[in-house]
Amino acid sequence: MQDVIDRVVAEFKTKFPNVPVPPISWNPNMRTTAGKVKVCRKTRQGQWIQLNPHLLKNETDLDQTLMHELCHVADYVIYGKLGHGPTWKHCMRLVERQVRRCHQYDTTGLKRRHKRHPAKCNCRTYELTSIRVKKMQAGFRYSCRNCRGTLVLLSQNETEKLAISF
């Protein structure tokens, strides 16, 4: 795969010779993101590009994703823009790649399962994310849209009783 990276970087440098290429690495902790880039606002250059080894297993996908991220660097260095706007699209057309904001790679089995925590009001039981639970533990209050009752987190014992009743 390193030969594909070298080829894509060389092709990029022919189109954007004055844009420095940041270090490129594989990040095995990435789940469903194919690649990402970090830029430095102070120096107005790319700091690094990270690629997902779980998704980019063939040369075509690696080529498309790496060029996508390199065009973000070029867009930022040349135009000072971030995102998938007209200047980024122009960079993608210059390197003759598909102008796509999101990938369509198979992410089956890569998504994290988020733990849900039961909470109840006067009329029903909700499944809350860990973020909401932490906010509630810090004093934030959520209310039911239906009955306007305050949501209360269920204890472990109440959760087990609830599971048995179904």
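Above: the structure in question.
Residues numbered from 1 in each chain as written. Predicted model: local features only at pLDDT ≥ 70, side-chain atom pairs only at ≥ 80, totals over all residues. Heavy atoms only, no water.

Draft legend 1. Here's a closer look at the pattern of salt bridges. Taken as a whole and judged by the stated rule, the model has three salt bridges. The salt bridge involving aspartate 63 is made with arginine 7; its shortest N-O contact spans 3.3 Å. Residue aspartate 63 is found in helix 2 (residues 59–79), and its partner arginine 7 is found in helix 1 (residues 2–15); the two are separated by 56 residues along the sequence. Under the relative-accessibility criterion, aspartate 63 is labelled buried at 11%. For arginine 97, the salt bridge is made with aspartate 63, and the minimal N-O distance between the two is 2.5 Å. Of the two residues, arginine 97 is situated in the loop between helix 3 (86–94) and strand 4 (117–120) and aspartate 63 in helix 2; the sequence distance between them amounts to 34 residues. What makes arginine 97 buried here is its relative accessible area of 13%. (Salt bridge = Lys/Arg side-chain N within 4 Å of Asp/Glu carboxyl O. Helix = DSSP H or I, 4+ residues; strand = E, 2+ residues; numbered from the N terminus. Buried < 20%, exposed > 50% of the residue type's maximum accessible area, 1.4 Å probe, protein only.)

Draft legend 2. View of the packing of aromatic side chains. Going through the model one piece at a time under the given rule, you end up with two aromatic pairs. Between the aromatic rings of phenylalanine 12 and phenylalanine 16, the centroid separation amounts to 5.1 Å while the plane-to-plane angle is 35°, which identifies the pairing as tilted. One exposure class covers both phenylalanine 12 and phenylalanine 16, and it is buried. Taking NZ or CZ as reference, arginine 124 lies 4.0 Å from the ring centre of tyrosine 126, over its face. (Phe/Tyr/Trp six-rings, centres within 6.5 Å; stacked < 30°, edge-to-face > 60°. Lys NZ or Arg CZ within 6 Å of the ring centre and 35° of its normal.)

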